[in-house]
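# Working through the structure, step by step
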Amino acid sequence: MRALHLCSIFLGLVDRAVVNGAPQQLLYRTNEHADLDPYPGRPRLTFRPDGTFKITVFSDLHYGENPWDEWGPEQDRNSTRLVKAVLNDEKPDYVVLNGDLITGENTFRENSTTLIDEIVAPLNQAGIPFSSSHGNHDNQANITHAEEILREQKVAPLLSYTRTAPAGVGGPGGPGNYWVPIYRRKNDRAPVLILWFFDSRGGFSAGPNSTRLPDWVDASVGGWIRSETRAMNAAWGSAEKRGALAFVHIPPHVATDLQNNFDSAENPGLNADSLDGGGSVQATTDPANSGKDNTFWDAVNEHIQNLHAVISGHDHGDEWCARDRSKDVIFCFGKHSGYGGYTGDGWGYGVRNLLFTSADPEVGVETWIRMEDGETHARITLNKDYS
Ligand SMILES: *[C@@H]1O[C@H](CO)[C@@H](O)[C@H](O)[C@H]1NC(C)=O
Ligand SMILES: *[C@@H]1O[C@H](CO)[C@@H](O)[C@H](O)[C@H]1NC(C)=O
Ligand SMILES: *[C@@H]1O[C@H](CO)[C@@H](O)[C@H](O)[C@H]1NC(C)=O
Ligand SMILES: *[C@@H]1O[C@H](CO)[C@@H](O)[C@H](O)[C@H]1NC(C)=O
């Protein structure tokens, strides 16, 4: 089974013409006959017998602020209360923690990742499978995305589906690029839905001489998306019957344009956080980004078929969806879920829910914001007719 996993890694290498000869033909052939499974030995994630699948997205939990003050730990107790209440009411089939799980600036080298234990405890208790993307606050002098991922895998070995990309993909500080297959039924050969997770990095490198990290998905992820989608097509056949949904903590750069051409009737939900300032969206236009060509966003839209939406956190005062007409893809914010992190008057705390009512990728996905107290709003259907 391990060899199958390596296949997709090698395909990636072949794609970028780094592999030196002999094994590649064999690997391509093996892969065509293999059931591509990045989680050998783990239970397959499936739609319910009634054909539905519900995802709850917690964004920006920001655990671990000022542990030396009263209010820091109180925030975290409040966030845990919210997580438990939401899980109990919503009973999702899958949970996404969409970045900034921890405010790393306030953590200590020796125990920073133990906050992950606190965050995943309610998920372990409820027995709900989940995975994470990571944010700029999860990369700081005393903590890294890689460390958080390892800890999560250790403390939630049965339920965490978070992985890392092969070495060389993701760039400095950005290992968290992976996908999770969802099947209609346990014994189906091919999945009907792929959940994609991308690492938008940001924050600072670890250690005493911590320096700023790029705050965008590395261009190497573009080539990896291409090779992974090719491997999927080779193993499972064409992508027509597969839906997709993508998660990345920092919004793609285009979110600023979407906000500047906003229509609050078509794009319901809080729109209180301006995306014009530096750091609000992926700085894919940063001169330090040698390509300056938005390789990640182009690859997402070129290679991922039937993409229902791309969902980000990061900007706590935004919770809307809007269509990027240039790529014909819907972008959505989640909802600030943690009591930690900055907030504003009346913003409140909640989650984004996504309900698949069918495994057919032609059928739209219901989505809405649910607040801690159970109030819901900004309900839309992600389909061809939206916006
Ligand atoms: C925790 O939640 C309570 C109840 O909503 C609220 O009154 C309090 O201000 C919150 N504490 C912090 C530190 O956010
Ligand atoms: C990191 O952890 C060390 C050791 O606990 C601590 O002295 C330091 O203040 C922490 N924070 C930063 C930003 O280095
Ligand atoms: C980590 O250690 C610091 C200093 O001893 C303590 O204040 C803090 O509560 C600890 N944090 C965790 C998450 O255990
Ligand atoms: C950090 O920078 C200082 C000053 O340049 C240097 O002396 C030290 O060796 C560096 N420490 C590490 C761990 O790189």
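An unreviewed UniProt entry annotates the protein as Calcineurin-like phosphoesterase originating from Lyophyllum shimeji.

## Quick look at the site of ligand 2
The environment of ligand 2 is formed by Thr107, Phe108, Arg109, Glu110 and Asn142. Measuring from an oxygen atom of ligand 2, one finds a backbone N or O atom of Arg109 at 3.0 Å. The separation between an oxygen atom of ligand 2 and a polar side-chain atom of Glu110 is 2.7 Å.

## So, helix α5 (residues 145-155)
Considered for burial, the residues of α5 that qualify are His145, Glu148, Ile149 and Glu152. Looking straight down α5, one finds that the buried residues subtend no more than 100° of arc, so they occupy a single side. Seen from the open side of α5, the exposed residues pointing more than 90 degrees away from its buried face are Leu150 and Lys154. Tucked inside the fold, the buried residues of α5 contact α4 (114-126) and β4 (130-133).

## Remarks on the site of ligand 1
In the region of ligand 1, the neighbouring residues are Trp71, Glu74, Gln75, Asn78, Arg81 and Tyr339. Within the side chain of Glu74, an N or O atom sits 2.7 Å from a nitrogen atom of ligand 1. A distance of 3.4 Å is found between an oxygen atom of ligand 1 and a side-chain nitrogen or oxygen belonging to Arg81. Here ligand 1, which alone exposes 360 Å², has 50% of that area covered by the protein. Classifying every residue of the shell around ligand 1 by side-chain character gives two nonpolar, two polar and two charged.

## With respect to the environment of Gln259
Here Gln259 shows up in helix α7 (residues 255-260). Residue Gln259 is classed as buried on the basis of its relative accessible area of 12%. It is 7.3 Å that separates the C-alpha atoms of Gln259 and Leu275, two residues lying 16 residues apart in sequence. The residues contacting Gln259, other than those within four sequence positions of it, are Asn271, Asp273, Ser274, Leu275, Asp318 and Trp320. Within the local environment of Gln259, its side chain forms a polar contact with the backbone nitrogen of Leu275, the two atoms lying 2.8 Å apart.

## Comments concerning empty space enclosed by the protein
In total, this model carries seven cavities of 30 Å³ or more according to the counting rule given. Quantified by volume, the largest cavity comes out at close to 60 Å³. Asp37, Tyr39, Arg42, Pro43, Arg44, Leu45, Tyr161, Pro181 and Tyr183 are the residues that line the largest cavity. Residues of the lining of the largest cavity, tallied by class, amount to six nonpolar, no polar and three charged.

The rules behind the values
- Residues numbered from 1 in each chain as written.
- Chains lettered and ligands numbered in written order.
- Predicted model: local features only at pLDDT ≥ 70, side-chain atom pairs only at ≥ 80, totals over all residues.
- Heavy atoms only, no water.
- Near = heavy atom within 4 Å.
- Polar contact = N/O pair within 3.5 Å; in protein donor to acceptor, adjacent residues only side chain to side chain.
- Buried < 20%, exposed > 50% of the residue type's maximum accessible area, 1.4 Å probe, protein only.
- Helix = DSSP H or I, 4+ residues; strand = E, 2+ residues; numbered from the N terminus.
- Arc of directions from axis to C-beta.
- Contact = heavy atoms within 4.5 Å.
- Areas by Shrake-Rupley, 256 points an atom, 1.4 Å probe, with all protein chains shown as cover.
- Nonpolar A, V, L, I, M, F, W, Y, C, P; charged D, E, K, R; others polar.
- 1 Å grid on protein atoms, 1.4 Å probe; cavity = no way out; pocket = protein on both sides within 12 Å on 5 of 7 lines; lining within 4 Å.
- Points joined across faces, edges and corners; volume = space filled by probe spheres on them.

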